[in-house]
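Listed below are the residues making up each chain.
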Amino acid sequence: MTCELCHGDGGVLLWQNGLCRVVAVDEPGLPGFLRVILNRHAREMTDLDETDRAAFMAVVFAVESHARRCLEPDKMNLASLGNLTPHLHWHVIPRWQDDRHFPGPVWAPARHDAPVPAARAAASAVMAASLAAALGPGDR
Ligand SMILES: [Zn+2]
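**Q** Could you give an account of the overall build of the protein chain, naming the residues involved and the relevant values?
**A** The helix and strand tally for the protein chain stands at two helices and five strands. Sequence-ordered secondary structure for the protein chain, helices as α and strands as β, is β-β-β-α-β-β-α. Here the C-alpha radius of gyration of the protein chain, 15 Å, is about what a compact globule of 140 residues would show, namely 14 Å. Taken across its 140 residues, the protein chain has 25% of its residues classed as buried.

**Q** Lay out the environment of Gln16 in plain terms, naming residues and giving numbers.
**A** With respect to the secondary-structure elements, Gln16 resides in strand β1 (residues 12–16). Considered as a pair, Gln16 and Thr51 are 35 residues apart in the sequence and their alpha carbons are 17 Å apart.

**Q** So what's going on with helix α2 (residues 118–135)? Residues and values would help.
**A** Spanning 18 residues, α2 covers 26 Å between terminal C-alpha atoms, matching the ideal 26 Å at 1.5 Å per step. Most pronounced at Ala129, the bend in α2 amounts to some 35°. Where α2 is buried, its residues meet β1, β2 (20–24) and α1 (50–71). The positive-phi residue at the C-terminal boundary of α2 is Gly136, with phi of around 80°.

**Q** An account of the sheet that holds strand β4 (residues 75–79) is needed here, citing residue identities and associated values.
**A** One open sheet accounts for five strands, arranged β1-β2-β3-β5-β4; its pairing is antiparallel. Every other strand in the sheet has two partners, leaving β1 and β4 as the edge strands with one partner each. Neighbour-to-neighbour, the strand axes of this sheet turn through a mean angle of 20°, independent of strand direction. Of the strand pairs in this sheet, β1 and β2 are connected by four bridges, and their pairing is antiparallel. Across the sheet, the residue bridging to Leu13 is Val23, located in β2.

**Q** Before we move on, can you summarise α1 with the specific residues and values?
**A** Along an α-helix, residues three or four apart share an orientation, since each turn contains 3.6 residues. Over its 22 residues, α1 runs 31 Å from end to end, which matches the ideal 32 Å to within 8%, given 1.5 Å per residue. Within the span of α1, buried status applies to Phe56, Val59, Val60, Val63, His66, Ala67 and Cys70. Each buried residue of α1 sits inside an arc of 125° when the element is viewed along its axis, so together they form one side. Among the exposed residues of α1, those oriented more than 90 degrees off its buried face are Glu50, Thr51, Ala54 and Arg69. Tucked inside the fold, the buried residues of α1 contact β2, β3 (34–38), β4, β5 (89–95) and α2. Backbone geometry just after α1 places Glu72 at a positive phi near 45°.

**Q** Describe the environment of His112, listing the residues and the values that go with them.
**A** Checked against the element boundaries, His112 lands in the loop between β5 and α2. Taking the C-alpha atoms as reference points, His112 and Thr46, 66 residues apart in sequence, are found 38 Å from one another.

What counts as what
- Residues numbered from 1 in each chain as written.
- Predicted model: local features only at pLDDT ≥ 70, side-chain atom pairs only at ≥ 80, totals over all residues.
- Helix = DSSP H or I, 4+ residues; strand = E, 2+ residues; numbered from the N terminus.
- Rg over C-alpha atoms; globule rule 2.2 N^0.38 Å.
- Buried ≥ 20, exposed ≤ 12 C-beta atoms within 10 Å, placed from the backbone.
- Expected span 1.5 Å × (residues − 1).
- Bend = angle between axes of the 7 residues up to and from the residue.
- Contact = placed C-beta atoms within 7 Å.
- Pairing = 2+ DSSP bridges.
- Axes fitted to C-alpha atoms, helices over the stretch in contact; angles between N-to-C directions.
- Arc of directions from axis to C-beta.

Okay, structure coming up:
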(Lines give C-alpha, C1' and ligand atoms only; values in the text may rest on other atoms or scores of the structure.)
Protein backbone atom coordinates (compact mmCIF):
# COMPACT_ATOMS: atom_id res chain seq x y z
CA MET A 1 0.00 0.00 0.00
CA THR A 2 1.28 3.44 -0.87
CA CYS A 3 1.58 5.84 2.04
CA GLU A 4 0.19 9.26 1.16
CA LEU A 5 2.31 10.97 3.85
CA CYS A 6 5.51 9.45 2.44
CA HIS A 7 4.61 10.66 -1.05
CA GLY A 8 3.21 14.12 -0.40
CA ASP A 9 3.23 16.96 2.11
CA GLY A 10 -0.26 16.06 3.41
CA GLY A 11 -1.50 19.66 3.28
CA VAL A 12 -0.17 23.14 2.69
CA LEU A 13 3.39 23.11 3.98
CA LEU A 14 3.96 25.85 6.58
CA TRP A 15 7.18 24.77 8.30
CA GLN A 16 9.59 21.86 8.45
CA ASN A 17 12.82 20.69 9.96
CA GLY A 18 14.77 17.46 9.58
CA LEU A 19 12.34 15.51 11.75
CA CYS A 20 8.86 16.70 10.90
CA ARG A 21 6.69 19.23 9.13
CA VAL A 22 3.60 21.30 9.86
CA VAL A 23 0.84 21.59 7.30
CA ALA A 24 -2.43 23.47 7.13
CA VAL A 25 -5.44 21.28 6.49
CA ASP A 26 -8.24 22.60 4.32
CA GLU A 27 -11.33 21.36 6.14
CA PRO A 28 -14.50 23.33 5.53
CA GLY A 29 -15.82 24.76 8.78
CA LEU A 30 -12.61 24.04 10.70
CA PRO A 31 -10.30 27.07 10.43
CA GLY A 32 -6.86 26.69 11.92
CA PHE A 33 -6.73 22.89 11.53
CA LEU A 34 -3.03 21.89 11.43
CA ARG A 35 -1.14 18.62 11.30
CA VAL A 36 2.35 17.85 12.54
CA ILE A 37 3.70 14.99 10.43
CA LEU A 38 6.86 12.95 10.99
CA ASN A 39 8.99 13.13 7.84
CA ARG A 40 9.97 9.47 7.82
CA HIS A 41 7.55 6.59 7.97
CA ALA A 42 6.90 5.26 11.48
CA ARG A 43 3.68 3.78 12.80
CA GLU A 44 3.67 4.40 16.55
CA MET A 45 5.09 6.97 18.97
CA THR A 46 6.91 4.15 20.74
CA ASP A 47 8.73 3.34 17.49
CA LEU A 48 10.68 6.61 17.99
CA ASP A 49 13.67 6.86 20.27
CA GLU A 50 13.27 9.19 23.24
CA THR A 51 15.10 12.06 21.58
CA ASP A 52 12.95 12.06 18.46
CA ARG A 53 9.78 11.47 20.44
CA ALA A 54 10.48 14.47 22.66
CA ALA A 55 11.47 16.66 19.70
CA PHE A 56 8.34 15.66 17.77
CA MET A 57 6.07 16.45 20.70
CA ALA A 58 7.86 19.75 21.31
CA VAL A 59 6.79 20.80 17.81
CA VAL A 60 3.21 19.66 18.48
CA PHE A 61 3.11 21.75 21.65
CA ALA A 62 4.70 24.78 19.97
CA VAL A 63 2.08 24.58 17.23
CA GLU A 64 -0.69 24.31 19.81
CA SER A 65 0.68 27.34 21.68
CA HIS A 66 0.87 29.40 18.51
CA ALA A 67 -2.68 28.50 17.51
CA ARG A 68 -3.95 29.37 20.99
CA ARG A 69 -2.19 32.73 20.98
CA CYS A 70 -3.50 33.66 17.54
CA LEU A 71 -7.02 32.27 17.70
CA GLU A 72 -8.06 32.09 21.37
CA PRO A 73 -10.27 29.05 20.75
CA ASP A 74 -12.59 27.62 23.39
CA LYS A 75 -10.56 24.38 23.37
CA MET A 76 -7.64 22.75 21.59
CA ASN A 77 -7.90 19.16 20.41
CA LEU A 78 -4.77 17.07 19.90
CA ALA A 79 -5.24 13.70 18.28
CA SER A 80 -3.05 10.96 16.89
CA LEU A 81 -5.09 8.25 15.21
CA GLY A 82 -3.49 6.96 12.03
CA ASN A 83 -5.96 4.13 11.50
CA LEU A 84 -6.34 4.99 7.83
CA THR A 85 -2.85 6.43 7.34
CA PRO A 86 -0.49 4.65 9.75
CA HIS A 87 2.31 7.22 9.43
CA LEU A 88 2.84 9.27 12.58
CA HIS A 89 0.99 12.57 12.55
CA TRP A 90 -0.77 14.73 15.12
CA HIS A 91 -3.90 16.70 14.44
CA VAL A 92 -3.87 20.11 16.15
CA ILE A 93 -7.39 21.47 16.02
CA PRO A 94 -8.72 24.69 17.51
CA ARG A 95 -12.33 24.24 18.63
CA TRP A 96 -15.14 26.67 19.29
CA GLN A 97 -18.43 26.01 20.99
CA ASP A 98 -20.21 27.14 17.83
CA ASP A 99 -18.15 25.03 15.40
CA ARG A 100 -19.93 22.46 13.28
CA HIS A 101 -19.03 19.44 15.37
CA PHE A 102 -18.71 20.79 18.92
CA PRO A 103 -18.69 19.17 21.45
CA GLY A 104 -18.04 16.02 19.44
CA PRO A 105 -14.74 15.27 17.76
CA VAL A 106 -14.28 16.89 14.36
CA TRP A 107 -14.80 13.47 12.76
CA ALA A 108 -18.32 13.19 14.21
CA PRO A 109 -21.26 14.15 12.01
CA ALA A 110 -21.72 17.92 11.74
CA ARG A 111 -24.45 19.38 13.93
CA HIS A 112 -25.03 22.39 11.72
CA ASP A 113 -23.50 24.04 8.66
CA ALA A 114 -23.36 27.68 9.71
CA PRO A 115 -20.49 29.55 8.07
CA VAL A 116 -17.28 30.20 9.96
CA PRO A 117 -17.26 33.77 11.34
CA ALA A 118 -15.24 35.97 8.99
CA ALA A 119 -12.98 37.27 11.75
CA ARG A 120 -12.11 33.70 12.74
CA ALA A 121 -11.26 32.74 9.17
CA ALA A 122 -9.07 35.83 8.84
CA ALA A 123 -7.30 35.12 12.14
CA SER A 124 -6.68 31.57 10.97
CA ALA A 125 -4.95 32.82 7.83
CA VAL A 126 -2.75 35.12 9.92
CA MET A 127 -1.97 32.24 12.27
CA ALA A 128 -0.87 30.02 9.38
CA ALA A 129 1.21 32.79 7.81
CA SER A 130 3.04 33.55 11.06
CA LEU A 131 3.64 29.94 12.13
CA ALA A 132 7.08 29.60 10.58
CA ALA A 133 8.34 32.73 12.32
CA ALA A 134 6.89 31.52 15.62
CA LEU A 135 8.57 28.11 15.38
CA GLY A 136 11.91 29.42 14.16
CA PRO A 137 14.34 27.54 11.94
CA GLY A 138 14.10 24.25 13.81
CA ASP A 139 16.84 22.45 15.65
CA ARG A 140 18.07 19.92 13.15
ZN1 LIG B 1 4.49 6.94 5.35
